[in-house]
Amino acid sequence: MISLSRRVPHRHTLSEDIYAFLIGCSMIVIGLACLHKAGLVTGGVAGIALLVSYFVPVSPGVLFSLINIPFLIFAFKAMGHSFALRTVIVSVSVTVLALGVPDVIGLSYIDPVFAAIFGGTIIGMGILSLARHRAGVGGTGVVTLWLQKKRGINAGRTQLAIDTVILLVSLLALPWRQVLISALSAAALSGVMIVFHRPERYLGH
């Protein structure tokens, strides 16, 4: 019997990559819609975009793309052209889908605590889907994945530290109760990555 550690992983097919991209981007957009409706922020580049939108008259979707630019440049240099190109596709897809969400989904009410936990978890699962297909959403996620690849530092734990800083800064724009609830979102998002993003357990790539 061949041991699991000696099995040779098979690359994902193009159709599998496309399917994973659709699922991952859709999860991220739906999660963001839940958080936005509840008036919350979250971690990562999405959280930064939401936070900045409180200070400047620019939509979070546009800010998402603008803030991603330096991180995408870093991705090309540090993670290789294949990963960076996939990440650019994801970044653009998330932005386009986010702009179209109001036309296909309408939320009249969502409990803030539920929005934080569900929204953060589903965003994390979306990011996980993309990471397993050699892509990211850009932003701080590129840095955390690079640190895990090069230094063996768990991406979820690094993301949690970054998200803590983002949430502390958000106290400048949001009431502390909203920031506290938003922390649940960041914890749920990072929790998914800590528990499930374990390359030693997953053979596909």
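Residues numbered from 1 in each chain as written. Predicted model: local features only at pLDDT ≥ 70, side-chain atom pairs only at ≥ 80, totals over all residues. Heavy atoms only, no water.

**Things to note about the packing of aromatic side chains**
Per the counting criterion, the structure on display carries two aromatic pairs. Aromatic pair Phe-74 and Trp-146: ring centres 5.8 Å apart, planes at 80°, arrangement edge-to-face. With Phe-74 in helix H3 (residues 60–78) and Trp-146 in helix H6 (residues 140–151), this pair connects stretches of sequence that are 72 residues apart. Judged by relative accessible area, which is 28%, Phe-74 ranks as partly exposed. Look at Trp-146 and you get partly exposed, because its relative accessible area is 22%. When the centroid spacing of 5.3 Å and the interplanar angle of 5° are considered together, the rings of Phe-114 and Phe-118 count as stacked. Here Phe-114 and its partner Phe-118 are both found in helix H5 (residues 112–131), four residues apart, which amounts to about one turn of the helix. (Phe/Tyr/Trp six-rings, centres within 6.5 Å; stacked < 30°, edge-to-face > 60°. Helix = DSSP H or I, 4+ residues; strand = E, 2+ residues; numbered from the N terminus. Buried < 20%, exposed > 50% of the residue type's maximum accessible area, 1.4 Å probe, protein only.)

**Details of the UniProt feature "transmembrane region" (unreviewed entry) in the protein chain**
The positions that UniProt labels "transmembrane region" (unreviewed entry) are, in the present scheme, residues 21–52, 58–76, 83–101, 113–131, 152–173 and 179–196. Taken end to end, residues 83–101 has its terminal C-alpha atoms 26 Å apart, with 100% of it in helix and 0% in strand. (UniProt positions renumbered as here; feature names shortened; annotations may be inferred.)

**A few points about helix H7 (residues 155–170)**
With 16 residues, H7 should cover 22 Å at 1.5 Å per step; its first-to-last C-alpha distance of 22 Å lies within 8% of that length. Along H7, the residues that are buried comprise Ala-155, Gly-156, Thr-158, Gln-159, Asp-163, Ile-166, Leu-167 and Ser-170. (Expected span 1.5 Å × (residues − 1).)

**Things to note about a nonpolar patch on the surface**
On the surface, Tyr-54, Phe-55, Val-56, Val-58, Val-62, Leu-66, Ile-69, Ile-73, Val-165, Val-169 and Leu-172 cluster together to form a nonpolar patch covering roughly 980 Å² of accessible area. Among the elements that take part in the nonpolar patch, H3 stands out by supplying four residues, more than any other. Relative to the elements of secondary structure, Val-165 occurs in helix H7. (Patch = residues over 30% accessible without salt bridge, like charges linked within 9 Å, V, L, I, M, F, W, Y side chains within 5 Å. Areas by Shrake-Rupley, 256 points an atom, 1.4 Å probe, with all protein chains shown as cover. Salt bridge = Lys/Arg side-chain N within 4 Å of Asp/Glu carboxyl O.)

**Concerning the environment of Ala-46**
By the secondary structure assignment, Ala-46 is in helix H2 (residues 44–52). Looking at Ala-46, the relative accessible area reads 14%, which means it is buried. In contact with Ala-46, other than residues within four places in its own chain, are Leu-32 and Phe-64. (Contact = heavy atoms within 4.5 Å.)

**A few points about helix H4 (residues 81–104)**
Over its 24 residues, H4 extends 34 Å from the first C-alpha to the last, a length consistent with the 34 Å expected when each residue adds 1.5 Å. Within H4, the axis deviates most sharply at Ala-98, by approximately 30°, and proline Pro-102 lies no more than four positions further along. If you check which residues of H4 are buried, you get Phe-83, Ala-84, Arg-86, Thr-87, Val-90, Ser-91, Val-94, Thr-95 and Val-101. (Bend = angle between axes of the 7 residues up to and from the residue.)

**Concerning the confidence of the model for the protein chain**
In low-pLDDT segments, the atomic positions of the prediction should not be examined closely. The predicted model of the protein chain averages 80 in pLDDT, with 90% of residues at 70 or higher. At the low end of the mean pLDDT range in the protein chain sits H6, at 80; at the high end sits H5, at 90. (pLDDT = per-residue confidence, 0-100.)

**Considering the side chain of Thr-95**
Here Thr-95 shows up in helix H4. Note on Thr-95: relative accessible area 10%, which makes it buried. Of the polar contacts made by the side chain of Thr-95, one reaches the backbone oxygen of Ser-91; its length is 3.0 Å. (Polar contact = N/O pair within 3.5 Å; in protein donor to acceptor, adjacent residues only side chain to side chain.)

**A few points about the state of the cysteines**
Put plainly, two cysteines are in a disulfide when a covalent bond ties their sulfur atoms together. Overall, the coordinates contain zero disulfides when judged by the stated rule. Unpaired in this structure, Cys-25 has its nearest cysteine sulfur neighbour in Cys-34, at a distance of 16 Å. Using a relative accessible area of 6% as the deciding quantity, one classes Cys-34 as buried. (Disulfide = S-S within 2.5 Å.)

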